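Understanding the architecture of this molecule
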Amino acid sequence: MTTLAALQDPGLRADPYPLYHLLREQTPMPINDGAAVVVGRYADAQRVLKDTTLSSRLQDVLPEEADRNHSFLLLDPPDHTRLRRLVAKAFTPRAIASLEQRIERLVREAFTTAAERGSIDFAEDLAYPLPVTVISEWLGVPTGDGARLRQWSQYLTRAFDFGVEPEERAAIDVAYRELDAYFRELVAHRRRHRSDDLLSRLIEAEEQGDRLTPDELVATLGLLLNAGHETTSNLLSNGVLALLRHPGELARLRADPGLAPATVEEVLRFDPPVQLLGRVTREPRTVAGVELPARAWVIVLIGAANRDPVHFPDPDRFSVDRAGAPHLAFSLGPHFCLGSSLARLEARVLFREFATRVRNPELDPESVRYRRHVNLRGPESMVVGFDSFDG
Ligand code: HEM
């Protein structure tokens, strides 16, 4: 029997998909003496994510998380509905589209600088800084604080991951506290010096009364900053890696840049940045045919569901114009990713620029190193040599 714990094997980071295929075949799979269930089939994953009777309050079953994370990602109605609605107002198609030129400029600058060296560590020099810069500028978080934010964020993204040892738990604690203090200072400063950014608009909402408390404001800021870049950077790297490993597909995108939006969807299916999602039962009940007690975990394997052959023929094939079932990379239901249009825009611009302007790109296979996370998936290093950039 293959167990979920096998996903923690560092040797599997490069390619966990054979294991996901095995795991999916065994799901729905009760684990922890029946106190949790793993779902990996597309149809089960879809049903679980849409099921509003399951809770997103993972902190309720992880005692060390109980007091520190109040972001609406981890809340249920009515608080989830109220906070999400407030923030969703900012994510209008027009607001997102207005970021396109800035994204394009950042991509071109990075490749132009790297062209002098003839190579780029794509993960480090572009996929990470691009989404951080975009979300920080939009929110109104000083981009000069990037190094500190990166350190904190590396710990925060491990808070709900597998295999976190006590020392790391302590470091995660420190990161939460420091980031909280940083945000409180930033909010206090922006209260006195308003600007044309998202943070200023959230402060206005808070000051108008009961729509957002000061704690919720800080938690929302943290959610947008973190969700806005850790995942998108993986999408960008996973995509460029897939294109370099499938030169025929890269050539098709180069010949027809109109395929960029479909390429983005295929990367999200083929190698999703978020590999696992969790839900919690509120009362004893059956999920995917498995009887569970109250406060039981339901673990959804997005990485397995997105390659379910029942919904995706020849699921291990990367094809930039695959049509058919929608992937689950952005989740479904009430918590469907609020920033999906921004993530899609960044990836669309980047894949188009990469395919059409970077001459003779070549991956150094030895340089590809993955982050150790199980829940978030993407390389932390990947060096790409190239002849020139048509800037
Ligand atoms: C490729 C990039 C991204 C991926 C794969 C991704 C994935 C996800 C997933 C899977 C969820 C749902 C979690 C659940 O159902 O429990 C989610 C929620 C969320 N995402 Fe994203 N995300 C991405 C980019 C972004 C960006 C760029 C932003 C913001 C600018 C963002 C903001 C959010 C927010 C605010 C939520 C919480 C929604 C809620 O709980 O109602 N995400 N994201």
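As a convention, each chain's residues are numbered from 1 in the sequence order in which they are written. The predicted origin of the model limits local features to residues at a pLDDT of at least 70 and limits the giving and counting of side-chain atom pairs to 80 or more, whereas totals for whole chains, interfaces and linings rest on all residues. Values shown for side chains rest on all heavy atoms present in the structure; no hydrogens or waters enter the calculation.

If you check an unreviewed UniProt entry, the protein appears there as Cytochrome P450 from Amycolatopsis minnesotensis.

**A closer look at the sheet that holds strand 7 (residues 297-301)**
Taken in spatial order, the four strands make up an open sheet running 1-2-7-4, and their pairing is mixed. The open sheet terminates on both sides in strands that have one partner only, identified here as strand 1 (29-31) and strand 4 (276-280). On average, adjacent strands in this sheet sit at an angle of 25 degrees to one another, irrespective of strand direction. In this description, strands pair whenever DSSP reports at least two bridges between them. The helix and strand labels rest on DSSP assignments: H or I over at least four residues marks a helix, E over at least two residues marks a strand, and numbering proceeds from the N terminus. Pairing between strand 4 and strand 7: five bridges, direction antiparallel. Counterpart to L277 in the pairing with strand 7 is V300. Only the stretch in contact is used when fitting a helix axis, every axis being a line fitted to C-alpha atoms; angles between N-to-C directions are given from 0 to 180 degrees.

**Observations regarding the nonpolar core**
To qualify as a nonpolar core, a set must consist of buried Ala, Val, Leu, Ile, Met, Phe, Trp, Tyr and Cys residues joined through side-chain atoms within 4.5 Å. Only protein chains enter the calculation, and the probe is 1.4 Å; a residue is then buried if its accessible area is under 20% of its type maximum, exposed if over 50%, and partly exposed in between. Core analysis: the biggest nonpolar cluster contains 89 residues, and F111, F122, L126, W138, L350 and M382 have the highest contact counts within it. Here a residue-residue contact requires only that any non-hydrogen atoms of the pair lie within 4.5 Å. L350 has contacts with V107, F111, F122, L126, L236 and V240, leaving out every residue within four places of it along the chain. Membership of the second largest hydrophobic core comes to 18 residues, among which are V37, V39, V290 and I302.

**Some remarks on the side chain of N234**
Position of N234 among the secondary structure elements: in helix 11 (residues 214-245). In the analysis that follows, any N or O atom pair within 3.5 Å is treated as a polar contact, provided that within protein one partner can donate a hydrogen and the other can accept it, and provided that, for residues neighboring in sequence, both atoms belong to side chains. Within the local environment of N234, its side chain forms a polar contact with the backbone oxygen of R377, the two atoms lying 3.3 Å apart. With near-sequence residues (within four places) excluded, N234 lies in contact with P273, R371, L376, R377 and G378.

**Topic: helix 11**
Residues lying three or four places apart along an α-helix face the same way, a consequence of the helix completing one turn every 3.6 residues. Taking 1.5 Å per residue, 32 residues should reach 46 Å; helix 11 reaches 47 Å between its end C-alpha atoms and fits that length. Among the 32 residues of helix 11, 27 are classified as buried, and the element is accordingly described as predominantly covered. Helix span is expected to be 1.5 Å times the residue number reduced by one.

**Quick word on the site of the ligand**
Within the structure, the ligand sits among 27 residues, and H80, R84, S331, H335 and C337 are positioned closest to it. Taking R279, its side chain carries an N or O atom lying 2.8 Å from an oxygen atom of the ligand. Contributions of two or more residues to the shell around the ligand are made by helix 3 (79-88), helix 11, strand 4 and helix 15 (340-357). Per-element tally for the shell around the ligand: the top contributor is helix 11, with seven residues. In this count, Pro and Cys sit with the nonpolar residues alongside Ala, Val, Leu, Ile, Met, Phe, Trp and Tyr, while Asp, Glu, Lys and Arg are called charged and the others, Gly among them, polar. Its residues placed into classes, the shell around the ligand shows 18 nonpolar, seven polar and two charged. Proximity criterion: a residue is near a molecule or strand once any of its heavy atoms comes within 4 Å of it.

**As for the environment of R371**
Checked against the element boundaries, R371 lands in the loop between strand 10 (369-370) and strand 11 (379-381). Each C-alpha atom, one on R371 and one on D390, is 31 Å from the other, the two residues being 19 residues apart in sequence. Among residues more than four places away in sequence, those in contact with R371 are R13, T157, E230, N234, G378, P379 and E380. One polar contact links R371 to N234, side chain to side chain, over a distance of 3.2 Å.

**Thoughts on the sheet that holds strand 9 (residues 362-363)**
Ordered by their spatial adjacency, three strands build an open sheet running 3-12-9, and the pairing between neighbours is antiparallel. Two strands close off the open sheet at either side, each with one partner strand: strand 3 (119-121) and strand 9.

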